[in-house]
Amino acid sequence: MAKGVRRVRIFSALEVANICGVVNQTAINWIRSGHLKAFTTPGGQYRIYAKDFAAFLDKRGMSASREVLQVMLENANWNTFLIAADQAANEELKAGIGKLFPEYAIIQATDWFEIGRKFTEEKPGFVLLDTGLPGGDISQFIRTIKDDPVFGKPYILLLKDGASPANTAANSADAAADIILTKPLDWGKFEAAIKMLEKQIEVASA
């Protein structure tokens, strides 16, 4: 379900006003007062990047609208899959995902610094995160990228050791994730999970 290259969506002040149900001048006032980030064209017209408009609307509790949902969809790279795991597991997972879903671009991270950098640069639509990767607060990470519309609300799949004891931090991460998978990874369940998420994107896009 590769979506192709991510487009940069830009809104005019009038489009912002129409989506929010206000007059054009109100949208201009939001921009001039610094509430809505915008830039000006050579002709002096205001233009707003999708990520800034999404952040503005999300902050005001308007993220359920169809237009905002479309903004979220356009912010994420839905043809990109990020694998976050140690080196050995990473290569094995890359080979498996590439075999099942060859249309996806697969990027890899083996530590939290790489995860943060590649999230900022690539904005992957799907993330397979090994909970055994040391050094990071997984539940906080998931909350951060889910709450910030600039990332496009990506899908998070957690890969857990089924024998690991339950604890508060683990429960919090589980609740924030979209899919929970256990080791050794059942590739049939993984394939079914991705296809289910793809259908959700298709329904939202329609």
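Since the model is a prediction, treat every value here as computed from it, not as a measurement.

What counts and what doesn't
- Residues numbered from 1 in each chain as written.
- Predicted model: local features only at pLDDT ≥ 70, side-chain atom pairs only at ≥ 80, totals over all residues.
- Heavy atoms only, no water.
- Pairing = 2+ DSSP bridges.
- Helix = DSSP H or I, 4+ residues; strand = E, 2+ residues; numbered from the N terminus.
- Axes fitted to C-alpha atoms, helices over the stretch in contact; angles between N-to-C directions.
- Contact = heavy atoms within 4.5 Å.
- Salt bridge = Lys/Arg side-chain N within 4 Å of Asp/Glu carboxyl O.
- Buried < 20%, exposed > 50% of the residue type's maximum accessible area, 1.4 Å probe, protein only.
- Arc of directions from axis to C-beta.
- Polar contact = N/O pair within 3.5 Å; in protein donor to acceptor, adjacent residues only side chain to side chain.

Draft legend 1. Examining the sheet that holds strand 7 (residues 155–161) more closely. Strand order across the open sheet formed by five strands is 5-4-6-7-8, with parallel pairing between neighbours. The sheet terminates laterally at strand 5 (105–109) and strand 8 (179–183), the two strands that pair on one side only. Neighbour-to-neighbour, the strand axes of this sheet turn through a mean angle of 20°, independent of strand direction. Note: strand 4 (residues 77–84) against strand 6 (residues 124–130), five bridges, orientation parallel. Looking across to strand 6, one finds that Ile83 is bridged to Leu128. Each of strand 6 and strand 7 is contacted by helix 7 (residues 138–147), which is oriented at about 170° to strand 7, the strand it contacts most.

Draft legend 2. Structural view of the pattern of salt bridges. Inspection of the entire model under this criterion finds five salt bridges. For Asp130, the salt bridge goes to Lys183, with nearest N and O atoms at 2.9 Å. Within this pair, whereas Asp130 is found in strand 6, its partner Lys183 is found in strand 8, the two being separated by 53 residues in sequence. For the salt bridge of Lys195 with Glu191, the shortest nitrogen-to-oxygen distance reads 3.2 Å. Remark: Glu191 and Lys195 occur in helix 9 (residues 187–205); sequence separation between them is four residues, near one turn of the helix. Among the residues examined, Lys195 registers a relative accessible area of 42% and is labelled partly exposed. On the basis of relative accessibility, which here comes to 24%, the residue Glu191 falls in the partly exposed class.

Draft legend 3. Spatial organisation of helix 6 (residues 112–122). Within helix 6 the residues assigned to the buried category are Trp112, Glu114, Ile115, Lys118 and Phe119. An end-on view of helix 6 places all buried positions within 155° of arc, on one side of the element. In helix 6, the exposed positions that point more than 90 degrees away from the buried face belong to Phe113 and Thr120. Check the buried side of helix 6 and you find it contacts strand 4, strand 5, strand 6 and helix 7. At the N-terminal end of helix 6, a side-chain oxygen is found 3.1 Å from the backbone nitrogen of Phe113, two or three residues along, and the residue is Asp111. After helix 6 finishes, the residue Lys123 shows a positive phi value of roughly 50°.

Honestly, it's all geometry; don't read function into it.
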